[in-house]
Structure formats: structure tokens, C-alpha cells
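Close look at the chain arrangement
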Amino acid sequence: MVLFSDKKNSSADNRSGTGQVIQFSFPQIVSLICIFGLCLSYLLSAAIIAGRFIEYRIPLFLMESSGSMILGMACLLFLAVLAGLALQRSLNADGSAKSVLSRSQKISYFFSLLTTLCFTAYCCAVLVYFLKTKQLLSECWYLVFLYACVLACHFKARKSSLAHMFTSAAFVLILIVTAFYSGIASAKIENRKMGFVNGEPFVLVRQQKQNYILVGLDTRTDKPNGKIILVPLQNTLLEQTPFLPTKIQR
């Protein structure tokens, strides 16, 4: 990734126009960053769950937000922000790089690095699936195409702060799309727990606040067959049905 651009661009965000400039206090900026981080964490967790539901052929109206997943996403974003601030402080330690990057460039580079890390993690999941099944996930090429297009625009956005803001928004969109496809990949890679209900194989997919979600599995193709069972948390069905990894069941 390109970390620095021309020094002439550093004053792009500091140029005063004819209109009045809106200034925020430090507590307001922190509040806005926290709200944005929580919203982004919710969108990323919802995208992962939606990807898993699409893979298991579960209707999306059965989705429920996971507090632990949202908290995990928020912690990852918080750590990424801290790492970015630590890197900036280390680069500005000697005072020679204070005016190298503008505010819009810092935001754009931060999201580009964060998207690159998530995209690399998704590529690792695709590689694991390929080594496991000798099949390549075809949808990964769509994500590669989107990432390459946004990255090309990011490299060319050197003089315009507006262009950097648009590339930042594009990287956030790529993050959400990557989370969606990561949910699909995780559903394919994970070692699913299968049990037999009335002689039919079902996979235990997810525990919600009120129910367990069981999805029918076609043992010949190792894919969901579209059958769905919602089992209450307090029940005798799961107590009498052992769920074992699919590898053992075969």
C-alpha cells in the first residue's frame, strides 16, 4: 500500500473556502467516531450472519443480531484505530512528517489497510476451502474485481480530498461485502454438527434467543436441502438427538 503522497496535498483539507467551516469539539468527534464504529460493527456482523443464512438457505427474516459478534467487531475496529494512531505517532516522532498526509488521506489509507487485512483473511479462508475440497469458491472473483477497482481509484486519488472520501466510502462497502462472503465461506468450511430427526439428517446451524435452527442436509451432495426446523431452547428433541461432526457421521 502507498503510505505517503506528495506534500502539496497535505493542505487540501485546510484550505478555507467562501462558506463557513463547521468545527467540532473533541468530545463530539469522539462520539461520532464511536457511533460510526458501532454502526459499522453491526453492519459487519449482520453481513456475516446473512452470508451464513444464504449458504444454509435460511430466510433472512429469521436473522437475530448477535451481541457477542457485534462486540467482537467493535473491539477489532478499536484495536485497528489504536494501531493506526500508534503508527502515526511513530512516523511523526521526529516532526518531519507532520504535513505529509491530510485528514482525508489518513482516513482513506486507514480504511484501505483495514480492507486489505480483511480481504487477506477472506483469501486465506478461500485457500483453506480449496485445500480441503479441491474446489475454488467462484464468488471470490467478484470480490477480487471490486477490490482491484477500488484500489486502482485509491492509487489515483492523490490531489483531491473529495476523491479520498469517496474511496473511503468504497472501502467501507468492500468491508461489508467481504464480511458477507466470509459468512458464506465460514459456513462451507466449518465442521458441521449433524443429527437425525425422524430418520432425516439435520445440521445444527445457530442458537438464537428463543430457538435453535436446524437445517436439513443432503448427505449425497453435502448441501442444505431447504428444510428448516425451529426448536425451542427448552425441549426434549435435542436432548434425545445426538449431534456429531459430519465427518464422523460419514
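Here, the structure is the one placed above.
Below is a summary of the structure that appears in this document. (Residues numbered from 1 in each chain as written. Predicted model: local features only at pLDDT ≥ 70, side-chain atom pairs only at ≥ 80, totals over all residues. Heavy atoms only, no water.)

This part is about the nonpolar core. In terms of nonpolar packing, the biggest core is built from 29 residues, with Leu-40, Leu-44, Phe-111, Tyr-122, Leu-137 and Leu-143 touching the most fellow members. Those residues in contact with Leu-40, other than ones at most four positions away along the chain, are Leu-77, Phe-111 and Val-172. In terms of nonpolar packing, the next biggest core, distinct from the first, is built from 12 residues, Ile-58, Leu-62, Ala-187 and Val-203 among them. (Core = buried A, V, L, I, M, F, W, Y, C linked by side-chain atoms within 4.5 Å. Buried < 20%, exposed > 50% of the residue type's maximum accessible area, 1.4 Å probe, protein only. Contact = heavy atoms within 4.5 Å.)

A word on the packing of helix α3 (residues 103-133) against helix α4 (residues 140-156). In helix packing, the relevant descriptors are the interaxial angle and the interaxial distance, both defined with respect to the helix axes. Relative to each other, α3 and α4 sit at 160°, their axes nearing to 12 Å. With respect to their mutual orientation, α3 and α4 come out roughly antiparallel. Between α3 and α4 lies a crossing of left-handed hand. Here α3 contributes Ser-108, Tyr-109, Ser-112, Thr-115, Thr-116, Phe-119, Tyr-122 and Val-126 to the contact with α4, which in turn contributes Cys-140, Leu-143, Val-144, Tyr-147 and His-154. (Axes fitted to C-alpha atoms, helices over the stretch in contact; angles between N-to-C directions. Helix = DSSP H or I, 4+ residues; strand = E, 2+ residues; numbered from the N terminus. Parallel < 35°, antiparallel > 145°, perpendicular 65-115°, else oblique. Left-handed = near helix turned anticlockwise from the far one by under 90°.)

Looking now at the environment of Leu-76. With respect to the helices and strands, Leu-76 occurs in helix α2 (residues 67-91). Looking at Leu-76, the relative accessible area reads 53%, which means it is exposed. Put simply, Leu-76 and Ser-41 are 35 residues apart on the chain and 9.0 Å apart in space, counted from C-alpha to C-alpha.

With 31 residues, α3 should cover 45 Å at 1.5 Å per step; its first-to-last C-alpha distance of 45 Å lies within 8% of that length. Looking one or two residues past α3, Lys-134 carries a phi angle of roughly 60°, positive in sign. (Expected span 1.5 Å × (residues − 1).)

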